[in-house]
Amino acid sequence: MNTLDAAGTALDMTQIEIRSVDGYAHVLIVSAVDGAEAAAALNETCAITVPTEPGTVCDEASHPAFWLSPRSWLLRVERGGEAAVLAAIRTAFPDRLLHATPYSDALHWFEVSGPHSAALLARGGFVSLSVDGLAVGCMKRTLFADVPVLIWRQAEADWSLAVERSRAGYMAAWFAKAGIPGQPAEYAPRPSSILTGGI
């Protein structure tokens, strides 16, 4: 199936794959002290690495950490892994200069990939998704399809989008209307569920 992008160029929508991924847990970390100082302390006491530069992601081991502000980060871990992180931070920082809270029920992830994925995503927002605008390995918080999202560029044509869980159905419907073959309009979360045909 072909459709046109904003510039009138034909997109082969069969070359785009979208996955609804519901298998992650999250921890929100907030610091009452300088961000660089907090990052160093987290690494030293809890072996957790968080980024210190805006728009960056520390993608180490199985828990990427996203920069949200100079003093706050989002840590993504495997489902069930948040309790250990919360306990480690509470033990290491009893004065609560660094505070961690569970955030697992707040977000849902969509993974978008394929050679025309950037053109599809460009329809939903005004952020430049070129490599110069959003480098591989970096993220941005922005509006996409009128919904606040975190967009993480994992590879040249591989993206992850985090949305509020309450908006996941709306986002699935937006992708369906974009012309992805086989994309159901209804949202039914399940671990790593494929919502479209393959690349």
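Before reading on, note that the structure itself is shown above.
Residues numbered from 1 in each chain as written. Predicted model: local features only at pLDDT ≥ 70, side-chain atom pairs only at ≥ 80, totals over all residues. Heavy atoms only, no water.

Draft legend 1. The arrangement of the sheet that holds strand β4 (residues 24-31) in detail. Pairing within the open sheet is antiparallel, and its five strands lie in the order β5-β6-β7-β4-β8. Every interior strand has two partners, whereas the edge strands, β5 (57-58) and β8 (98-102), have only one. In terms of strand pairing, β4 meets β8 through five bridges, oriented antiparallel. Residue pairing across strands places Ile-29 opposite Ala-100, the latter belonging to β8. Together, β4, β7 (72-78) and β8 form the strand contacts of helix α2 (residues 82-92), whose direction differs from that of β8 by roughly 160 degrees. (Pairing = 2+ DSSP bridges. Helix = DSSP H or I, 4+ residues; strand = E, 2+ residues; numbered from the N terminus. Contact = heavy atoms within 4.5 Å. Axes fitted to C-alpha atoms, helices over the stretch in contact; angles between N-to-C directions.)

Draft legend 2. Region of interest: the environment of Arg-167. Assignment of secondary structure puts Arg-167 in the loop between β12 (158-164) and α4 (168-177). A relative accessible area of 31% places Arg-167 in the partly exposed class. Put simply, Arg-167 and Val-149 are 18 residues apart on the chain and 9.8 Å apart in space, counted from C-alpha to C-alpha. If we ignore the near neighbours within four places in the chain, the residues touching Arg-167 are Asp-146, Val-147 and Pro-148. (Buried < 20%, exposed > 50% of the residue type's maximum accessible area, 1.4 Å probe, protein only.)

Draft legend 3. Seen up close, helix α1 (residues 35-46). Between its terminal C-alpha atoms α1 stretches 16 Å, which fits the 16 Å expected from twelve residues at 1.5 Å a residue. Regarding α1, the residues found buried are Gly-35, Ala-38, Ala-39, Leu-42 and Cys-46. On an axial view of α1, the arc spanned by its buried residues comes to 100 degrees, and they lie on one face. Exposed residues on α1 whose side chains face more than 90 degrees from its buried face are Glu-37 and Glu-44. At its buried positions, α1 is contacted by β4, β7, α2 and β8. Capping of α1 at its N-terminal end is provided by Asp-34; its side-chain oxygen lies 3.1 Å from the backbone amide nitrogen of Ala-36. (Expected span 1.5 Å × (residues − 1). Arc of directions from axis to C-beta. Polar contact = N/O pair within 3.5 Å; in protein donor to acceptor, adjacent residues only side chain to side chain.)

Draft legend 4. Examining the pairing of β12 more closely. Extensive coverage of β12 is indicated by the burial of five of its seven residues. For strand β9 (residues 107-113) and β12, the ladder comprises seven bridges, and the chain directions are antiparallel. Opposite Phe-110, over in β12, you have Leu-161 as the bridge partner. Inspection of the sheet shows strand β11 (residues 147-155) paired to β12 by six bridges, in the antiparallel sense. Residue pairing in the sheet places Ile-151 in a bridge with Leu-161 of β12. Counted between consecutive antiparallel strands, the loop separating β11 from β12 contains two residues.

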